[in-house]
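Examination of the molecular architecture
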Amino acid sequence: MYENYYGLTSKPFQLTPDPSFFFGSKWHKRAMSYLQYGLSQAEGFIVITGDIGTGKTTIANSLLHDMQEGIVAAQIVSPKLSPDELVKMVASKFNVPVKGSTKSDILNDLETFLMALHNQGKRALLLVDEAQNLPLETIEELRMLSNFQAAGKPLLQSFLLGQEELQPILRAPNMEQFRQRIVASCHLAPLTDAECQGYIEYRMQHAGWDGRALFSTEAYDRIFQFTHGIPRKINALMDRILLFGFLEELETFDEDAVESVIKEVSDEMFLPEKQAQTQAKAKGILDGATEDGQIKDVEYYKTMLTELVDALDNAISHKIKLTRYIDRLLQKKYKTYVRLKSDD
């Protein structure tokens, strides 16, 4: 919607991970280097952890996007799989038939498939996303799958990506054998304030932005303060900021413009605890709002209604601006059409 207004060729801030928009911060570059190192070693486990929204899946998708020839890759996003369910899912991801087969049959067929890849000069790679959801015995099953070997090298290599909760799981005393097969691990940290600005500008440029000044220094600072440098939060907020700018016909964004958007989205997007507090407060007010059927605080409800009317007026104003913009666009296109017809 706002792409044409800001001279963009695509949407720069999507929530869906896109490998073409990969931004190499210090820790993201390090994580990618570990993955590439693991690929070059063709053995062992690589473990990448990070908080929600820090870009683990984007890194995995970037790795798959640039995968070298000779590697057959599969990716699973793991719910709480049992060991047997994991074996079935891994086999099915590599197109090994599982229907009607026992676990023993599936393992034999999977080993046959992996050996066939080896004979063709290829090898298999498994990326396990959201690995913190796997029970200990299922992670141990992953280790057992790495026991498929030929010429002293494993036929299947696995990369684990998960939230921070994965770390204590792997530190468990009975995970010693698994830990010994980890060749590298890395924890993704949020972006710094400088990286946050670089991230925004990188994605804007990748989407066709011409580089003209769009955000003030204070605007960048406020975006970082609100999102804490978490890429997914930056994407969500920036998408709303650009939409707001389009509706308000802004050419640049200062701190006040960013703050206006933050006030709109904070309750619905990033601050569930604040929303919960608001709901609890509202419930308390409602529980104590009446006494013998009489309203105790009329002024409070008047204020609430006024705020609701203001919010509705604001939404209607945005819709009117959008309608006017579309109308001007249609009129322009119609005039162009008439001029071309008259030339004919």
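This section reports on the structure supplied with the text. (Residues numbered from 1 in each chain as written. Predicted model: local features only at pLDDT ≥ 70, side-chain atom pairs only at ≥ 80, totals over all residues. Heavy atoms only, no water.)

So, helix 4 (residues 103-119)
Taking 1.5 Å per residue, 17 residues should reach 24 Å; helix 4 reaches 24 Å between its end C-alpha atoms and fits that length. Among all positions of helix 4, only I106, L110, L114 and L117 are buried. Around the axis of helix 4, the buried residues are gathered within 65° of arc, so they sit on the same side. More than 90 degrees from the buried face of helix 4, the exposed residues found are T112 and N119. Each element contacted by the buried residues of helix 4 is listed here: strand 2 (71-77), helix 3 (83-93), strand 3 (123-129), helix 5 (136-145) and strand 6 (156-162). A positive phi of about 75° marks G121, the residue just after helix 4. (Helix = DSSP H or I, 4+ residues; strand = E, 2+ residues; numbered from the N terminus. Expected span 1.5 Å × (residues − 1). Buried < 20%, exposed > 50% of the residue type's maximum accessible area, 1.4 Å probe, protein only. Arc of directions from axis to C-beta. Contact = heavy atoms within 4.5 Å.)

Structural notes on the packing of aromatic side chains
This structure, assessed with the given rule, holds nine aromatic pairs. Aromatic side chains Y5 and Y6 sit 4.9 Å apart centroid to centroid with 90° between the ring planes, which places their arrangement in the edge-to-face category. Each of the two residues, Y5 as well as Y6, counts as buried. Measuring from ring centre to ring centre gives 5.5 Å for F215 and Y220, while their planes differ by 45°; the resulting arrangement is tilted. Looking at F215, the relative accessible area reads 11%, which means it is buried. (Phe/Tyr/Trp six-rings, centres within 6.5 Å; stacked < 30°, edge-to-face > 60°.)

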